[in-house]
Amino acid sequence: MLIYDLAANPLNSNEWSFPLTECFHVASMALCIGTIAVVDLRLLGVGLRNQTAAQLVRGTEGWTIAGFSIVITSGLLIFSSDPLKYLHSAPFQLKMALLLLGIIYNYTLHRKVAQSSPPSGFRFVIAGFSLALWAALVFSSIFIAFW
Amino acid sequence: MSLLHLFHWYDHTALAAVMRKSTWAFAVVEMIHLIGLALLGGAVLIVNLRLFGVILRERPADRIARDLLPLLVASMAVLTVTGILMVSEETMKCYHSTAFRLKLLLFVPALLLSLGTHRKLTRSGGPPDSGPRDETGGGPLSRALAGSWRRRTGDRISVASFKPC
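What comes next concerns the included structure.

Here is what the cut-offs are and how they apply
Residues numbered from 1 in each chain as written. Chains lettered and ligands numbered in written order. Predicted model: local features only at pLDDT ≥ 70, side-chain atom pairs only at ≥ 80, totals over all residues. Helix = DSSP H or I, 4+ residues; strand = E, 2+ residues; numbered from the N terminus. Buried ≥ 20, exposed ≤ 12 C-beta atoms within 10 Å, placed from the backbone. Contact = placed C-beta atoms within 7 Å. Axes fitted to C-alpha atoms, helices over the stretch in contact; angles between N-to-C directions. Parallel < 35°, antiparallel > 145°, perpendicular 65-115°, else oblique. Left-handed = near helix turned anticlockwise from the far one by under 90°. Expected span 1.5 Å × (residues − 1). Core = buried A, V, L, I, M, F, W, Y, C linked by C-beta atoms within 7 Å.

## Points about the overall build of chain A
Then step 1. Looking only at helices and strands, chain A has six helices and zero strands in total.
Then step 2. Ordered by position from the N terminus, the helices and strands of chain A form the series α-α-α-α-α-α.
Then step 3. In terms of principal-axis extent, the alpha carbons of chain A reach across some 55 × 25 × 25 Å.
Then step 4. In chain A, buried positions account for 43% of the 147 residues.
Then step 5. A fraction of 74% describes how many contacts in chain A between residues 6 or more apart in sequence connect residues 24 or more apart.

This is the structure in C-alpha cells:
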C-alpha cells in the first residue's frame, strides 16, 4: 500500500515554502481575475471605453493564461500539503467546480461575446455573470479556512 | 498619540469586537479586499504593459491611463477601507508584525508611484497616435513596486485565505 507522508512534503517541512506558494497563488489569481474583470468592465461600459472588448481580450489573453497556469500549479502544490483535508472540504469542492465552470465560460461564451458586437443587454448579462462567478470563486477560497 | 496607542485604541473599538466575533464579516471583507486587489492588479498591469509597448500599441498610453484612473482610485479606496477593517481582527499582532510593517512601507511608494504615473500620463496630452511619447520611465518601476506591495505572507491556514498580518 502506498502511503503518502505529509511530513515529507516540503510545504509542510519548510517554514517559508507554504506562505511563499500561497503568495504566488493569490497574486496570480489577482492577475487572471483582474485581466478578465477589465474586459468585463469594458462590456459593462466602465473603464477602457476607447478600446473595444476584443482589443482588450487580445491584449490581455496571454497574461490571463499565465495567471491561470501559476494559479493551477501553485494550487496543486498547496493541495498536496494536505489532500484529504481539501478533498473533504465543501468550499474547496465548490471552488474547483467554479474554477472549471469559470475557465470553460471564459474561453467559450465570454470570449465569443467580447469579440463580437452583441446587443447591450446580452453583453451586460455575460459580463455580470462572469464577475459574479469569479467573485464566488474568491469567496469559496476564503471559506476553505473557516469550514 | 503614538502609533502604539492608536493600535491599542483600534483594538478596543466596537468595530474590532464585531470583526473578531463574526466569521462572516471577516470573510466578506476579505473577499472584497481580494476583488479590489484583482481590479488594481488588472488596471496597473494594463497601463504598465502599454508603457512597455507590449499591448494596445495602437492606442496612446495617456488615453488608457485616463480611462483606467477611476478604476485605479476606486480599487485603492476599496483596498484601504477593507484593509483597515481586516487589521481590526488582529490589531496588536499586526502592530508587532515585521511583514505588516514592510507591507505598509511598500504600499505608500507603490500608491504614490502608480498615481504619479497616471497623473503624469493624463496631463501629458497630445495626439492619439503619439505612441512613443508615452514611453515614460515610470512604468517598469511602478509595476515592480506595485507588485511588491501585493506580495504578502499568508497564514498557513488555507489555499487562498490570508490574514492581514
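## With respect to the overall build of chain B
Then step 1. What chain B contains, in helices and strands, is seven helices and zero strands.
Then step 2. Seen in sequence order, chain B has helices and strands lined up from the N terminus as α-α-α-α-α-α-α.
Then step 3. Among the 165 residues that make up chain B, the fraction classed as buried is 44%.

## Digging into the interface of chain B and chain A
Then step 1. Contacts between the two partners involve 34 residues from chain B and, on the opposite side, 36 residues from chain A.
Then step 2. Elements with a minimum of two residues in the side of chain B that touches chain A: helix 3 (23-52) and helix 4 (61-87) of chain B.
Then step 3. Of all the elements, helix 3 of chain B adds the most residues to the side of chain B that touches chain A, at 14 residues.

## Concerning the packing of helix 2 (residues 17-43) of chain A against helix 6 (residues 120-143) of chain A
All names here are of chain A.
Then step 1. Two elements in contact, helix 2 and helix 6, have axes separated by 8 Å at closest approach and are oriented at 155 degrees. The angle between helix 2 and helix 6 falls in the class roughly antiparallel. The handedness of the crossing between helix 2 and helix 6 is left-handed. Contacts between helix 2 and helix 6 involve I33, I36, A37, D40 and L43 on the former and, on the latter, R123, I126, A127, S130, L131 and W134.

## Some details on the environment of E61(A)
Then step 1. Assignment of secondary structure puts E61(A) in helix 3 (residues 53-80).
Then step 2. Each C-alpha atom, one on E61(A) and one on I103(A), is 12 Å from the other, the two residues being 42 residues apart in sequence.

## Re the environment of L20(A)
Then step 1. By the element assignment, L20(A) lies in helix 2.
Then step 2. Taking the C-alpha atoms as reference, L20(A) lies 25 Å from I103(A); in sequence the two are 83 residues apart.

## Quick look at helix 6 of chain A
Then step 1. The first and last C-alpha atoms of helix 6 of chain A sit 34 Å apart over 24 residues, in line with the 34 Å expected at 1.5 Å per residue.
Then step 2. Among the residues making up helix 6 of chain A, those that are buried are R123(A), I126(A), A127(A), S130(A), W134(A), L137(A), V138(A), F139(A), S140(A), S141(A), I142(A) and F143(A).
Then step 3. The secondary structure elements touched by the buried residues of helix 6 of chain A are helix 2 and helix 5 (90-114) of chain A together with helix 3 of chain B.

## Let's talk about unusual backbone geometry
All names here are of chain B.
Then step 1. Positive phi, close to 45 degrees, is recorded for L56, a residue that is not glycine.
Then step 2. Relative to the assigned elements, L56 resides in the loop between helix 3 and helix 4.
Then step 3. We classify L56 as buried; it has 23 C-beta atoms within 10 Å.

## Digging into the nonpolar core
Then step 1. Within the largest apolar cluster, 60 residues are counted, with the highest numbers of intra-cluster contacts made by A43(B), I46(B) and L68(B).
Then step 2. Elements with a contribution of two residues or more to this core: helix 2, helix 3, helix 5 and helix 6 of chain A together with helix 3 and helix 4 of chain B.
Then step 3. Top element by residues in this core is helix 3 of chain B. It accounts for 14 residues.
Then step 4. For I46(B), the contacting residues outside a window of four places in its chain are V38(A), T60(A), I55(B), I64(B) and L68(B).
Then step 5. F26(B), V29(B), M86(B) and V87(B) belong to the second largest nonpolar core, which has six residues in total.

## Quick look at the packing of helix 6 of chain A against helix 3 of chain B
Packed helix pairs are characterised by how far apart their axes lie and by the angle those axes make with each other.
Then step 1. Close contact between helix 6 of chain A and helix 3 of chain B brings their axes to 9 Å; oriented N to C, the two are set at 130 degrees. With respect to helix 3 of chain B, the axis of helix 6 of chain A lies oblique. For the pair helix 6 of chain A and helix 3 of chain B, the crossing hand works out as right-handed. Across the interface between the two elements, A135(A), V138(A), F139(A), I142(A) and F143(A) from helix 6 of chain A touch A27(B), E30(B), M31(B), L34(B) and I35(B) from helix 3 of chain B.

The values reported here are purely geometric and, on their own, carry no functional implication.
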